[in-house]
Amino acid sequence: RTTIKVNNTFILWRWVGALLLLPINVLIIIPAIFLDLNAPEFNNWTSWLAVVTGFLGLALVVSCVRLFAKSGGDGTPAPWDPVANLIITGPYRYVRNPMLSGVIIILFSEALVFWSLSFFIYTTLFVLLNMAYFPLVEEPGLIKRYGAAYKIYMNNVPRWIPLIKPYNSDDL
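To start, this report covers the structure provided alongside it. Worth saying up front: this structure is predicted, and the values here are computed from it rather than measured. (Residues numbered from 1 in each chain as written. Predicted model: local features only at pLDDT ≥ 70, side-chain atom pairs only at ≥ 80, totals over all residues. Heavy atoms only, no water.)

## A short note on the overall build of the protein chain
Counting secondary structure elements, the protein chain contains five helices and zero strands. Going from N to C terminus, the protein chain has its helices and strands arranged as α-α-α-α-α. The burial tally for the protein chain puts 33% of its 172 residues in the buried class. Once local pairs closer than 6 in sequence are excluded, the contacts in the protein chain between residues at least 24 apart make up 68%. (Helix = DSSP H or I, 4+ residues; strand = E, 2+ residues; numbered from the N terminus. Buried < 20%, exposed > 50% of the residue type's maximum accessible area, 1.4 Å probe, protein only. Contact = heavy atoms within 4.5 Å.)

Now the structure itself:
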């Protein structure tokens, strides 16, 4: 029992570390640097639309994190501690990077809510950096880790623009 408790505690801290270093940092800590302490004024429909859209992005991120925890096996969503299993269910049937898509939706929503040009520039740079990182670093690592299964998945599911009809690996 002690071994299981230690392992569960270790796994919990791996996940907490991954979540604190990635989404919490990207979505809360870094953006806070660009903002002053004044609360946003919700005096127009775009602010409210941005909030609703941001919550949709958050729902997408949470669903992806849950999939990683449920189906990923050992590891976390962090690139330095990847999951053991290739996940091609849920939102991953429509687009290869739904978690990042959700983060980007949240970031642009935050920029609109706070009506912040510096936040918008940060978000744009974040998007451009990831548009370079994924094909140059992330995807070669996934091909190395998952082999032919990931290559088939890459050929059937787009990187950024979601499919209308979900990918089903059983169709092949």
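## Comments concerning the packing of aromatic side chains
Applying the stated rule across the entire model yields eight aromatic pairs. On the numbers, 6.5 Å between centres and 40 degrees between planes, the contact of Y122 with F126 is tilted. Here F126 and Y122 lie together in helix α4 (residues 117-146), a separation of four residues that amounts to about one turn. Per residue, the accessibility class of Y122 equals that of F126, and both read buried. Clustering of aromatic rings is evident, with ring pairs tying together F119, Y122 and F126. (Phe/Tyr/Trp six-rings, centres within 6.5 Å; stacked < 30°, edge-to-face > 60°.)

## Looking at unusual backbone geometry
Excluding glycine, most residues fall at negative phi; most peptide bonds, likewise, are trans. We note that W115 has phi near 50 degrees; this positive angle belongs to a residue other than glycine. Relative to the helices and strands, W115 resides in the loop between α3 (98-113) and α4. Note on W115: relative accessible area 67%, which makes it exposed.

## Comments concerning the side chain of E139
Structurally, the position occupied by E139 is in helix α4. Judged by relative accessible area, E139 falls into the buried class, the value being 3%. Of the polar contacts made by the side chain of E139, one reaches the side chain of R159; its length is 2.8 Å. Once residues lying within four places of it in the same chain are set aside, the contact partners of E139 are R96, F134, Y150, M154 and R159. (Polar contact = N/O pair within 3.5 Å; in protein donor to acceptor, adjacent residues only side chain to side chain.)

## Some details on the environment of Y150
Inspection of the secondary structure assignment puts Y150 in helix α5 (residues 148-156). The spatial distance from the C-alpha of Y150 to the C-alpha of P140 is 9.9 Å, given a sequence separation of 10 residues. Ignoring sequence-local partners within four residues, the contact set of Y150 consists of L86, R96, E139, L142 and I143.

## As for the packing of α4 against α5
Following both chains from N to C, one finds α4 and α5 inclined at 135 degrees, their axes separated by 6 Å at the closest point. Between α4 and α5, the crossing angle belongs to the class labelled oblique. Where α4 approaches α5, its residues E139, L142, I143 and Y146 are matched on the opposing element by A148, A149, Y150, K151 and M154. Split by residue class, the contact of α4 with α5 holds seven nonpolar, no polar and two charged. (Axes fitted to C-alpha atoms, helices over the stretch in contact; angles between N-to-C directions. Parallel < 35°, antiparallel > 145°, perpendicular 65-115°, else oblique. Nonpolar A, V, L, I, M, F, W, Y, C, P; charged D, E, K, R; others polar.)

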